[in-house]
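# Analysis of the macromolecular model
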Amino acid sequence: MAKKKRGNTLLYSLIFIVVALVAAAMIFKNNKSKSKGTEIYTETIKKRTIIETVAASGRIFPEEELSISSDVSGEIVDLYVEEGDTVKIGQLLAKIDPEIYKSVVDRAEATANSSRAQLADSEAQIAQFKSNLKQAEAQKRQIEAQIENSRATYNRNLKLNKDGVISNADLEASKSSLRALEANLASSVATIESAASSIESGRQRAKAAKFTVKSAEASAKEAKKNLGRTTLTAPRNGVISKLNVKRGERVVGTSQMAGTEIMRIANMNSMEVQVDVSENDVLKVKLKDTADIEVDAYLDRTFKGLVTQISNSANNTGSANVSLNTDQVTNFTVKIRLLPDSYADLVKDKRGYPFRPGMSASVDILTNRKKDILTASIQAVTTRTKENEDGEEEDLDVVVFLYENDIVRTKTVKTGIQDDKYIELLSGVMDEEEIALGPYSAVARTLKDSSLVTKVDKSKINKKGKK
């Protein structure tokens, strides 16, 4: 009986021990699960070199391209080039029907010759009037001398008549001769005045004729110039990058509105990429910044470029109807020269030119570079709402979460430049400190100051996310 009692006691003891062990295990498990906290993975703050870039996309164009238009209107009767042809300065490109302009030249020259003839007539008349004036002046001097003699004769006869030497008839005869000479003198004076007046009128006509001649000669010169403009020649060396017309088509000259663009000549040895950069990034870009350029036509190939021009006005400010809506996207054009050294092998391997106007390209403009600066991954930096003394929410703080013994501490930081992976930390942390890197939901929303965390391997969290 005593033996059976001892057996029951032993059985009860074993059952109690098992229950106690199970209970202890459950309590330990609960405590462990409570102390586990948010699972995170971390990284160490390190010194790195950051190259800040501005990304943009656009198209390739010749850096130097001239638009060729005709100054005169008419039909293209000859076209001597095709798109893609290489031309030299002074080379004949096209010819516009010159017949109508030849007729204009003939009429203008005839008008000029007629005006010159009229001027010659006026000058001949002036010469004749001057000759008449000289004759009238000579005649006047002769009459004045005759009057002087006739008056002396009359005065002498008057005295002789008083003395009874000559008759009254002789006295009247000398008087009549004097009066006739005086009349002749008056006529001569009138002739002189008329000749002087004719000379002045002739000079006025000659002056008007000279203006007419100048006008006619200018018209003839313009007509000849327009005739010369019917022949189009290359103003520079280059390649016909665009040909807009065919033989037999009519073109409008630039004297009438904008005129017809006939073709373009480009320097294909100097190419550039024109890209649109947003107003948020354009202030970072400076002249002579270098750039990495990817051209869609050349896969897995990066070319080098140099910023040569930054527009001062936004692309949409040139329109007559500029929208004042601030929600509208505002971009600025930036021109980047493709450096020939970066595609020298393509020039050797390929016939012609490796780039063609209009090709698509994307660029990364290198705007800033800093060496040996404290950095962290961009995803490790987030924001939290800052509260004032009254507990009211204010502006946002830029923060990272410093990891220390399964607890994270909120650290307010100041940031600087960044690339596509890392961001500069100007203050708030030190080199080699460990900070929370992920997962994103924890860093962006869940973690707070003094939050309990469990540091795990990043791959384990990724596997859980996949499950």
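Now for a description of the structure that goes with this document. (Residues numbered from 1 in each chain as written. Predicted model: local features only at pLDDT ≥ 70, side-chain atom pairs only at ≥ 80, totals over all residues. Heavy atoms only, no water.)

### Quick look at the overall build of the protein
Each helix and strand in the protein was counted, giving six helices and 22 strands. Long-range pairs, those at least 24 residues apart, make up 77% of the contacts in the protein between residues at least 6 apart in sequence. Accessible surface computed for the protein: about 29,700 Å², of which carbon and sulfur atoms make up 50%. (Helix = DSSP H or I, 4+ residues; strand = E, 2+ residues; numbered from the N terminus. Contact = heavy atoms within 4.5 Å. Areas by Shrake-Rupley, 256 points an atom, 1.4 Å probe, with all protein chains shown as cover.)

### Structural notes on unusual backbone geometry
Here the residue pair Gly 438 and Pro 439 is connected by a cis peptide bond, since its omega of 0° sits within 30 degrees of zero. Note that Pro 439 resides in the loop between strand 21 (434-438) and helix 5 (440-446). Phi is positive for Lys 288, close to 75°, though the residue is something other than glycine. Its location among the elements puts Lys 288 in the loop between strand 11 (271-278) and strand 12 (290-295). According to the relative accessible area criterion, Lys 288 is exposed, its value standing at 67%. One non-glycine residue with positive phi stands out, namely Ser 450, at about 70°. Here Ser 450 shows up in the loop between helix 5 and strand 22 (451-455). (Buried < 20%, exposed > 50% of the residue type's maximum accessible area, 1.4 Å probe, protein only.)

### Let's talk about the sheet that holds strand 3 (residues 65-69)
Reading across from one edge, 3-10-8-5 is the order of the four strands in this open sheet, with antiparallel pairing throughout. Bordering the open sheet on either side are strand 3 and strand 5 (86-87), each of which pairs with just one other strand. (Pairing = 2+ DSSP bridges.)

### As for the packing of aromatic side chains
Per the stated rule, a full pass over the model turns up four aromatic pairs. Look at Tyr 343 and Phe 355: their rings are 4.9 Å apart centre to centre, the planes differ by 85°, and that puts the pair in the edge-to-face class. Note that Tyr 343 is positioned in the loop between strand 14 (331-338) and helix 4 (344-349) and Phe 355 in the loop between helix 4 and strand 15 (360-377), a separation of twelve residues in sequence. Both residues of the pair, Tyr 343 and Phe 355, belong to the buried class. Aromatic rings pair up to connect Tyr 298, Phe 303, Tyr 343 and Phe 355 into one cluster. Cation over ring: Arg 48 sits above Tyr 422, and NZ or CZ is 3.9 Å from the ring centre. (Phe/Tyr/Trp six-rings, centres within 6.5 Å; stacked < 30°, edge-to-face > 60°. Lys NZ or Arg CZ within 6 Å of the ring centre and 35° of its normal.)

### Points about the environment of Val 245
Along the chain, Val 245 falls in the loop between strand 8 (238-243) and strand 9 (250-251). Put simply, Val 245 and Ile 76 are 169 residues apart on the chain and 8.6 Å apart in space, counted from C-alpha to C-alpha. Sequence-distant contacts of Val 245, defined by excluding residues within four places in its chain, comprise Ile 76, Leu 79, Val 251, Thr 260, Glu 261 and Ile 262.

### Some words on the packing of helix 2 (residues 99-162) against helix 3 (residues 168-228)
For the pair helix 2 and helix 3, interaxial distance at closest approach is 5 Å and the crossing angle is 165°. One element, helix 2, and the other, helix 3, form an angle in the roughly antiparallel class. The two elements helix 2 and helix 3 cross, and the hand of that crossing is left-handed. When grouped by side-chain class, the residues that make up the contact of helix 2 with helix 3 number 30 nonpolar, 23 polar and 17 charged. (Axes fitted to C-alpha atoms, helices over the stretch in contact; angles between N-to-C directions. Parallel < 35°, antiparallel > 145°, perpendicular 65-115°, else oblique. Left-handed = near helix turned anticlockwise from the far one by under 90°. Nonpolar A, V, L, I, M, F, W, Y, C, P; charged D, E, K, R; others polar.)

### Here we look at helix 2
Its 64 residues place the ends of helix 2 93 Å apart at the C-alpha level, agreeing with the 94 Å of an ideal helix rising 1.5 Å per residue. A positive backbone phi angle near 80° is found at Gly 164, which sits one or two residues after helix 2. (Expected span 1.5 Å × (residues − 1).)

### Let's talk about the sheet that holds strand 7 (residues 231-233)
An order of 7-6-4-9 is seen for the four strands of this open sheet, with the pairing classed as antiparallel. Looking at the sheet topology across the chains shown, the edges are occupied by strand 7 and strand 9. As paired elements, strand 4 (residues 74-79) and strand 9 share two bridges and run antiparallel to each other. Counterpart to Glu 75 in the pairing with strand 9 is Arg 250.

### Side note on the nonpolar core
Among the nonpolar cores identified, the biggest contains 29 residues, and Ile 293, Phe 303, Ile 336, Leu 338, Phe 355 and Ile 365 are the most heavily contacted of them. If you list the elements that add at least two residues to this core, you get strand 2 (46-62), strand 11, strand 12, strand 13 (302-310), strand 14 and strand 15. Those residues in contact with Phe 355 that lie beyond four places of it in its chain are Ile 60, Met 268, Met 271, Val 295, Tyr 298, Phe 303, Leu 338 and Tyr 343. (Core = buried A, V, L, I, M, F, W, Y, C linked by side-chain atoms within 4.5 Å.)

### Some remarks on the side chain of Glu 433
Assignment of secondary structure puts Glu 433 in the loop between strand 20 (422-427) and strand 21. For the buried Glu 433, no salt bridge exists, and the shortest N-O distance to an oppositely charged side chain is 5.9 Å, to Lys 411. Among the polar contacts made by the side chain of Glu 433, one reaches the main-chain amide nitrogen of Met 430 at a distance of 2.9 Å. Not counting residues within four places of it along the chain, the set of residues in contact with Glu 433 comprises Glu 43, Thr 44, Ile 45 and Leu 402. (Lys, Arg positive; Asp, Glu negative; His and termini not counted. Salt bridge = Lys/Arg side-chain N within 4 Å of Asp/Glu carboxyl O. Polar contact = N/O pair within 3.5 Å; in protein donor to acceptor, adjacent residues only side chain to side chain.)

### Here's the deal with the pattern of salt bridges
For the structure shown, the criterion picks out 17 salt bridges. Residue Glu 182 is joined to Arg 179 by a salt bridge in which the shortest nitrogen-to-oxygen separation is 3.6 Å. A residue pair is termed a helical-turn pair when its members lie 3 or 4 positions apart in one helix, as Glu 182 and Arg 179 do in helix 3 at three residues. Two residues, Glu 424 and Lys 370, come together in a salt bridge whose shortest N-O distance is 3.2 Å. Highlighted residues: Glu 424 in strand 20 and Lys 370 in strand 15, separated in sequence by 54 residues. Classification of Lys 370 as partly exposed rests on a relative accessible area of 29%.

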